[in-house]
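Summary of structural features
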Amino acid sequence: MGAVLGVFSLASWVPCLCSGASCLLCSCCPNTKNSTVTRLIYAFILLLGTAVSCIMLTEGMETQLKKIPGFCEGGFKIKVTDIKADKDCDVLVGYKAVYRINFALAVFFFVFFLLMLKVKTSKDPRAAVHNGFWFFKIAAIVGIMVGSFYIPGGYFTSAWFAVGMVGAALFILIQLVLLVDLAHSWNELWVSRMEEGNPRVWYAALLSVTTVFYVMSIIIVALFYTYYTKPDGCTENKFFISINLILCVIVSIVSIHPKIQEHQPRSGLLQSSIITLYTLYLTWSAMTNEPDRSCNPTLLSIITHIASPTVTPANSTAIVPTSAPPSKKGHFLDAENLLGLAVFVFCLLYSSIRTSSNSQVNKLTLSGSDSVILGDTTASGASDEEDGQPRRAVDNEKEGVQYSYSFFHLMLCLASLYIMMTLTSWYSPDAKFQSVTSKWPAVWVKISSSWVCLILYVWTLVAPLILTNRDFS
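Residues numbered from 1 in each chain as written. Predicted model: local features only at pLDDT ≥ 70, side-chain atom pairs only at ≥ 80, totals over all residues. Heavy atoms only, no water.

Describing the nonpolar core
- Core analysis: the biggest nonpolar cluster contains 105 residues, and L46, M56, Y278, F344 and M411 have the highest contact counts within it.
- The element that contributes the greatest number of residues to this core is helix 7 (residues 156–196), accounting for 17 residues.
- For L46, the residues in contact, after removing those within four places along its chain, are L105, F109, F344, L348, L412, A415, S416 and I419. (Core = buried A, V, L, I, M, F, W, Y, C linked by side-chain atoms within 4.5 Å. Buried < 20%, exposed > 50% of the residue type's maximum accessible area, 1.4 Å probe, protein only. Helix = DSSP H or I, 4+ residues; strand = E, 2+ residues; numbered from the N terminus. Contact = heavy atoms within 4.5 Å.)

A word on the packing of helix 2 (residues 34–56) against helix 13 (residues 335–353)
- In contact at an axis separation of 8 Å, helix 2 and helix 13 are set at 160 degrees when each is read in the N-to-C sense. Put simply, helix 2 runs roughly antiparallel to helix 13. Note that helix 2 runs across helix 13; the crossing there is right-handed. Contact with helix 2, carried on its side by T36, R39, L40, A43, L46, L47, T50 and C54, involves L341, F344, V345, L348, L349, S351, S352 and I353 of helix 13 and no other residues of that element. (Axes fitted to C-alpha atoms, helices over the stretch in contact; angles between N-to-C directions. Parallel < 35°, antiparallel > 145°, perpendicular 65-115°, else oblique. Left-handed = near helix turned anticlockwise from the far one by under 90°.)

Here we look at the packing of aromatic side chains
- Using the criterion set out here, one finds 19 aromatic pairs in the structure.
- Note on F108 and F112: the rings are 4.8 Å apart at their centroids and 40 degrees apart in plane angle, and the pair reads as tilted. One end of the pair, F108, and the other, F112, are both in helix 4 (residues 89–115), four residues apart, so they sit about a helical turn from each other. No difference in accessibility class separates F108 from F112, as the two residues are buried.
- Aromatic ring contacts, followed pair by pair, group Y42, F108, F109, F112, W134, Y403, Y405 and F408 into a single cluster.
- A cation over a ring is seen here: R39 above Y403, with NZ or CZ 4.4 Å from the ring centre.
- A cation over an aromatic ring shows up here: K137 above the ring of W134, its NZ or CZ 3.7 Å from the ring centre. (Phe/Tyr/Trp six-rings, centres within 6.5 Å; stacked < 30°, edge-to-face > 60°. Lys NZ or Arg CZ within 6 Å of the ring centre and 35° of its normal.)

Looking at the side chain of T422
- Within the fold, T422 resides in helix 15 (residues 405–423).
- Given a relative accessible area of 5%, T422 falls into the buried group.
- When residues no more than four places from it in sequence are discounted, the contact partners of T422 are N337 and L341.

Topic: the confidence of the model for the protein
- Looking at the protein, pLDDT values average 74 and 68% of them are 70 or higher.
- The lowest-confidence element of the protein is helix 14 (residues 370–374), averaging 34 in pLDDT; the highest-confidence one is helix 9 (residues 235–255), averaging 92.
- Contacts from residues 356–390, a stretch scored under 50 in pLDDT, to residues over four places away or in other chains number 62 contacts. (pLDDT = per-residue confidence, 0-100.)

Topic: the state of the cysteines
- Overall, the coordinates contain one disulfide when judged by the stated rule.
- At a sulfur-sulfur separation of 1.9 Å, the disulfide partner of C234 is C295. Looking along the S-S bond of the C234-C295 disulfide, the torsion reads about -90 degrees, which is the left-handed sense. Residue C234 is found in the loop between helix 8 (199–227) and helix 9, and its partner C295 is found in the loop between helix 11 (269–287) and helix 12 (299–307); the two are separated by 61 residues along the sequence. Exposure class is identical for C234 and C295. Each is buried. (Disulfide = S-S within 2.5 Å.)

Structure below.
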């Protein structure tokens, strides 16, 4: 808890008690849009909360956390059934801290989601709360966070785990939409460059990137079959890998079908290759939560096995690496969690700086008109000055917001739940935190999310064929 107060107290000095995002830019910084600065600040707050959550999982924090009443009464032993080992309370007390930190972040962003509903322009009084008052907002987060540490255990942990699982699944879908949007943006950029300059160069670049993505997908599938299946077992993994491989092939074929190309000429294999990679990532993420450790080797053990394979005698079966038992001294990020956080950080930063006018994903985080989005520049020099001084952040939302304030906060709320589930490896605790297990519900949530992602992407392809009365250009 001291780390929470220390880190966020330092962060509270950054805004210097200013009321708006523009005050965060010093004179040496380039001019930018107020909408972009605000989103980046909120993203920084969430990333700061993620860093604090990671600190709570380090070995040096258990002594301080044990001083909090009810966190580790009596130093009880915790049974981790899926690895058949007893673990000290010192280890999983960090999990309880992660739950409470992200509880505070989720509550804060959910309140702002409700508060910012139907905000259309920066002239709305609520927009001033969204874009300013940073000291008070950070103080509110710290207050909620500190108070959450004194919530009695009981059924809070198991109930919040259920909420976290649902929220994390929804954020997985948001990540897909952002990746689809990024793929469309890349495709539009390359197509426009083909039309403007040498088409052969840009066509070669587009083809090369798409080929690399598909080659990576083939290699990943081969590794899945090698390390996550056995000839006489791991039936679920065989089903997950096979069905998602088939679905990815179908999606790729649909994306280049003549009827689809007729209505969506700029959709193609680049987008499908990115969706294929993301689907395989979700498949792998689901398999890493299987209770059967013989079908669930760690990523680090696989990399080690590939880098220095052991020579096995003829007519013998190679030993597939299995998961090593967790350290009894603490739990920190493993390779699986690091990759999940990397995907999260990428999508969060992209959602904070994007100004896409692409209608393929229905401008998920945008609510302004196309003219406002495309005209996201300052037309006159007068608007770049305030009281004779250059403005470091331009208010570009007087005529219409550049993104949906409410949805952006909802996305951050779901992202905080995704962080909580990722850092705790989607382990399911009981009401009194006496046992923590990796269970099948987490596996099915992730694998179902991969199927929903594919359905959602296919819908973006076939929607123009079905909803002929709507403009998808």
